Amino acid sequence: MKILVAEDILKVNKDYAGEIRAELKKRGITMLNLISSPGAGKTALLEKTLAAMEGKYRMAVIEADLYTALDAGRLERQGVEVVQINTRGACHTDASLVGQALKEISLDGLELIFLENVGNLVCPAEFDLGEDHKVVLLSVAEGSDKPPKYPLAFTEASLALITKADLLPYCPFDVKALEGDLRRINPDLEIIQLSCVTEEGIERWLDWLSTRVARKLSAAG
Ligand code: MG
Ligand code: ZN
């Protein structure tokens, strides 16, 4: 009998992720892995971002969901190529599934891939998917106590987006305490507070994004 424990699975995953990273590096394509609990606004932010970046970058989306293609349908309306991964109930996606999804995308001339992970703040943080950056979203409606409760997602991320900032007047959300927790957990983490309703912070997010894409493209020569 052969028993695979989590450590082996993560090692195999790491190898797949390495292959993806090498391929995307060669092509100068930036890939961002969006992680959050369900309902933090990943898809809404992608709708906004795809619309704002239309004509600037050639983009594609990989959507990971348990069963549906609801979010993929929303994003396809933005006119970009969208590949759906259905994890059949699994609470995260792994690098082998992302590798399969990438085979379905025409990568020639592509500059930016958004990977919307399964809504889950726990295990998606453990899986390297070959992305350039993990971006973690935390909505004002969820409460500001998430970083100490789910530290790994915030340790692994390069950027934290505090979403639905338009709800701040209505929610007991302590921005100062949150920022303190985030700095303690990950001193290098960048933080942007934004709202897709009022557009607060959207410009900063788009600048962050553009800087990463330009850097990756120039590194690929
Ligand atoms: Mg979504
Ligand atoms: Zn999982």
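Residues numbered from 1 in each chain as written. Chains lettered and ligands numbered in written order. Predicted model: local features only at pLDDT ≥ 70, side-chain atom pairs only at ≥ 80, totals over all residues. Heavy atoms only, no water.

Chemist: Break down the packing of helix H2 (residues 42–53) against helix H8 (residues 202–219) for me, with residues and values.
Modeler: One way to put it is that H2 packs onto H8 with a least axis distance of 11 Å and a crossing angle of 70°. When the axis of H2 is compared with that of H8, the two are roughly perpendicular. When the axes of H2 and H8 are compared, the crossing they make is right-handed. Contacts between H2 and H8 involve Leu45, Lys48, Thr49, Ala52 and Met53 from the former and Ile202, Trp205, Leu206, Leu209 and Ser210 from the latter. Split by residue class, the contact of H2 with H8 holds seven nonpolar, two polar and one charged. (Axes fitted to C-alpha atoms, helices over the stretch in contact; angles between N-to-C directions. Helix = DSSP H or I, 4+ residues; strand = E, 2+ residues; numbered from the N terminus. Parallel < 35°, antiparallel > 145°, perpendicular 65-115°, else oblique. Left-handed = near helix turned anticlockwise from the far one by under 90°. Contact = heavy atoms within 4.5 Å. Nonpolar A, V, L, I, M, F, W, Y, C, P; charged D, E, K, R; others polar.)

Chemist: Tell me about the pattern of salt bridges, and please be specific about residues and values.
Modeler: Per the stated rule, a full pass over the model turns up 16 salt bridges. For the salt bridge of Lys14 with Asp128, the shortest nitrogen-to-oxygen distance reads 3.1 Å. Placement of Lys14 in helix H1 (residues 6–27) and of Asp128 in the loop between strand E4 (112–116) and strand E5 (133–139) is noted, with a sequence separation of 114 residues between them. The buried category is assigned to Asp128, whose relative accessible area is 9%. (Salt bridge = Lys/Arg side-chain N within 4 Å of Asp/Glu carboxyl O. Buried < 20%, exposed > 50% of the residue type's maximum accessible area, 1.4 Å probe, protein only.)

Chemist: Explain the coordination of the magnesium ion (ligand 1) to me, using residue names and the numbers behind them.
Modeler: Binding of the magnesium ion (ligand 1) to the protein goes through Thr43 (OG1), Asp71 (OD) and Glu116 (OE), at separations of 2.0 to 2.1 Å. All donor residues of the magnesium ion (ligand 1) come from one chain, and their arrangement in sequence is T-x27-D-x44-E. In this pair, Thr43 sits in helix H2 while Asp71 sits in helix H3 (residues 70–76), placing the two residues 28 residues apart along the sequence. The class of Thr43 is buried, set by a relative accessible area of 5%. (Donors = N, O, S within 2.8 Å, 3.2 Å for Na, K, Ca; no water.)

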